[in-house]
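Each chain is listed here by its residues.
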Amino acid sequence: MRTTRTIAETRAALADERARGRSVGLVPTMGAFHEGHLSLMRAARAENDVVVVSLFVNPTQFGEAADLARYPRDEARDGALAATEGVDLLFAPAPAEMYPDGFGSWVDVEGPTDGLEGAHRPGHFRGVATVCTKLFSIVRPDRAYFGLKDAQQVAVIEQVVRDLDLGLEVRPIETVRDADGLALSSRNVFLSPAERRVALALPRALAAGRDAHAAGRDPAEAALAVLAREPGLTVDYVEAAGLGRRLHLLGAIRVGATRLIDNLVLAEQPRSATA
Ligand code: AMP
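Calculation criteria
- Residues numbered from 1 in each chain as written.
- Predicted model: local features only at pLDDT ≥ 70, side-chain atom pairs only at ≥ 80, totals over all residues.
- Heavy atoms only, no water.
- Pairing = 2+ DSSP bridges.
- Helix = DSSP H or I, 4+ residues; strand = E, 2+ residues; numbered from the N terminus.
- Axes fitted to C-alpha atoms, helices over the stretch in contact; angles between N-to-C directions.
- Contact = heavy atoms within 4.5 Å.
- Salt bridge = Lys/Arg side-chain N within 4 Å of Asp/Glu carboxyl O.
- Buried < 20%, exposed > 50% of the residue type's maximum accessible area, 1.4 Å probe, protein only.
- Phe/Tyr/Trp six-rings, centres within 6.5 Å; stacked < 30°, edge-to-face > 60°.
- Lys NZ or Arg CZ within 6 Å of the ring centre and 35° of its normal.

### Remarks on the sheet that holds strand E7 (residues 234–243)
In step 1: Ordered in space as E7-E8-E9, the three strands form an open sheet in which the pairing is antiparallel. Sheet topology places E7 and strand E9 (258–267) at the edges, where each strand pairs with a single neighbour. Sheet twist, expressed as the average angle between the axes of neighbouring strands with direction ignored, equals 15 degrees.
In step 2: Bridge count between E7 and strand E8 (residues 246–255): nine bridges; the pairing is antiparallel. Bridge pairing in E8 places Thr-234 opposite Arg-254.
In step 3: Helix H10 (residues 201–214) rests against E8 and E9 of the sheet, and its axis sits at about 20 degrees to E9.
In step 4: Strand contacts of helix H11 (residues 219–228): E7, E8 and E9, with the helix running at about 160 degrees to E7, the strand carrying the most contacts.

Take a look at the structure:
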């Protein structure tokens, strides 16, 4: 596996592959790899000749400086894991490579950014859409892999790709969970054992919501009832929403200083945009 730091060397490495007619799959990440990231890499490995993973803790998608500063980073470990998964190229640029002095162009997406994370994290999706558009421009992948754990992000990226005719396929990948049901997240390392027990209320609540939906009842109401029984957390939101072609039940909670999001798919093709 080769590691590149600059846009120029990344483009040069891939131009050669493309000239030979080889397909390219891209997995955008912020590092601190867990099985969720690795499942994206495996999907990309299975479907493409060349697999590129980007490792970039994107400052423009963080609201609070403290959240950015404490985000877990371990490039040596990440590089070893990516190599084990058969990744060909790890693109790990410094912030100044992606956002040089004078940077001033942003990708602002309307529609799927409304509500949910878009409402609770102002500017977040502008940062995500901008960095992903840059990564697509640098790598020019045939396919890009995103986790459904961040379901609204998938919908935002699908919209950008469609609106700006970026000519790549967005491949959504199922959420990977720990044995206890908690969705894997780089932020889970911040949870104490006691906080982790509290956090398990989120997947439990979403599962209760899914059961309620299947029985013809309001999924958000059922999920909120479960969360209300757990005093150690605060709820940012629980909502059923149509994202792309899927109807999801989505939730965001705070446990201590850690914010967690999760969701379940309720149906593949919602009749309306919002339920
Ligand atoms: P991040 O490094 O947190 O920006 O995540 C990089 C990619 O991994 C995103 O597309 C995430 O949606 C995806 N991802 C994060 N957690 C999981 C998970 N538990 N299962 C599947 N994909 C995930």
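Now, onward.
### Quick word on the pattern of salt bridges
In step 1: Here the structure, examined in full by the defined rule, presents 18 salt bridges.
In step 2: The partner of Glu-169 in a salt bridge is Arg-143, and the shortest N-O contact between them spans 3.6 Å. Here the residue Glu-169 occupies a position in strand E6 (residues 169–173), and Arg-143 occupies one in strand E5 (residues 143–147), the gap between them amounting to 26 residues.
In step 3: Residue classification places Arg-143 among the partly exposed residues on the basis of a relative accessible area of 22%.
In step 4: Within the structure, one salt-bridge network assembled from shared partners comprises Glu-47, Arg-143, Glu-169 and Arg-171.

### As for the packing of aromatic side chains
In step 1: Scanning the entire structure with this criterion turns up six aromatic pairs.
In step 2: Judged by centre distance (6.2 Å) and plane angle (20 degrees), the rings of Tyr-99 and Trp-106 are stacked.
In step 3: Their ring planes at 80 degrees and their centres at 5.2 Å tell us that Phe-103 and Trp-106 sit as a pair that is edge-to-face.
In step 4: Sitting over the face of the ring of Phe-190, Arg-70 holds its NZ or CZ atom 3.9 Å from the ring centroid.
In step 5: A cation over a ring is seen here: Arg-126 above Trp-106, with NZ or CZ 4.2 Å from the ring centre.

### Structural notes on the side chain of Ser-54
In step 1: Relative to the helices and strands, Ser-54 resides in strand E3 (residues 50–55).
In step 2: Ser-54 sits in the buried class, given a relative accessible area of 1%.
In step 3: In this view, Ser-54 contacts Leu-26, Val-27, Pro-28, Thr-29, Phe-91 and Leu-135; residues no more than four positions away in its chain are not counted.

### Considerations on unusual backbone geometry
In step 1: Even without being glycine, Ala-32 reaches a positive phi, approximately 55 degrees.
In step 2: Ala-32 sits in the buried class, given a relative accessible area of 16%.
In step 3: Positive phi outside glycine occurs at Leu-116, with the angle close to 50 degrees.
In step 4: Note that Leu-116 resides in helix H6 (residues 116–120).

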